[in-house]
Structures are given as C-alpha cells and as structure tokens.
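Here is what each chain is made of, one letter per residue.
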Amino acid sequence: MGLTYNTYLNSEAIHGCKNCKAHLANGHDIISRNFRGQHGKAYLFNTVVNVETGDPSERNMTTGRHVVRDIMCRQCKEVVGWKYDRAYESSEKYKEGKFILEAELLCKVT
C-alpha cells in the first residue's frame, strides 16, 4: 500500500479539519453555501483533499433520496462530511461526485 502524504493547499482561504488542522479544501472552490448537515451549516465543494471515503449508503435527505459516502479526514479519521455518489431526482444530479463539508467540523487554516 505504501505511505500516504497529505496534500497542502496554497491559498489565503483554506478549510481544514477542526480536530487536526489537515488541509481539506480551498475556500475559493465553494460551489454553494446553501446546505445543511447534521451539525448545521455545510458547504458544497467540487474537490477536497486529504480525505478517505466510507462505504456507499442510501439516505433520505431534505432534497430527496441519494447514495452518499461519509468522508473522513485522512489524518485523524474524524468524519467531516460526505460525498454524493448518486441522486435519484433529476434536479439534484448536479451534486453527483461533489462533496459536502460541515462548517462546524472545519477551521480556517493560515
């Protein structure tokens, strides 16, 4: 398997894991701030780094049924959000392959 190395982002607005400060996403890459997670406010991103994905599961969400995977910080294994694998509603298809990070589980990294 080999060693895994963290990716370090170069930006003035970096979202990191609140627990261990590992870089997770560039703040300028937020697609939408209009999401809610289990812990409140959440953000939709095209790409994130330094995460591992869990097994897929079907979940009923406020916008309909989706197949999602929890995403965990690669460094400390804390769940920080989820990835959309599949959306059943045609109006929700834009979420497929994208990531949600929950604001309460993030910190600003300087």
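- Going by the annotation in an unreviewed UniProt entry, the name recorded for the chain is Protein yippee-like, with Triangularia verruculosa given as the source organism.
- Under the UniProt heading Sequence similarities (unreviewed entry), the note attached to the chain is "Belongs to the yippee family."

## Examining the sheet that holds strand β1 (residues 14–17)
- Strand order in the open sheet formed by 3 strands is β2-β1-β10, with antiparallel pairing between adjacent strands. The open sheet has two edge strands, β2 (23–26) and β10 (106–109), and neither has a second partner. Taken over all neighbouring pairs, the strand axes of this sheet differ in orientation by 40° on average, direction set aside.
- Inspection of the sheet shows β1 paired to β2 by 3 bridges, in the antiparallel sense. Counterpart to H15 in the pairing with β2 is A25.

## Quick word on the packing of aromatic side chains
- The full count for this structure, using the stated rule, is 1 aromatic pair.
- Ring plane angle 80° and centroid distance 6.2 Å describe the contact between W82 and Y84, whose orientation is recorded as edge-to-face.

## Some words on the nonpolar core
- With 15 residues, the main nonpolar core has L24, F45, V48, V51, I71, V80 and L101 as its most contacted residues.
- Mapped onto this core, the elements with two or more residues apiece are β2, β4 (40–45), β7 (64–73) and β9 (99–102).

## Some words on the environment of Y8
- Tracing the backbone through its elements, the reader meets Y8 in the segment before β1.
- Under the relative-accessibility criterion, Y8 is labelled exposed at 62%.
- Taking the C-alpha atoms as reference points, Y8 and A22, 14 residues apart in sequence, are found 8.2 Å from one another.

Cut-offs and rules
Residues numbered from 1 in each chain as written. Predicted model: local features only at pLDDT ≥ 70, side-chain atom pairs only at ≥ 80, totals over all residues. Heavy atoms only, no water. UniProt positions renumbered as here; feature names shortened; annotations may be inferred. Pairing = 2+ DSSP bridges. Helix = DSSP H or I, 4+ residues; strand = E, 2+ residues; numbered from the N terminus. Axes fitted to C-alpha atoms, helices over the stretch in contact; angles between N-to-C directions. Phe/Tyr/Trp six-rings, centres within 6.5 Å; stacked < 30°, edge-to-face > 60°. Core = buried A, V, L, I, M, F, W, Y, C linked by side-chain atoms within 4.5 Å. Buried < 20%, exposed > 50% of the residue type's maximum accessible area, 1.4 Å probe, protein only.

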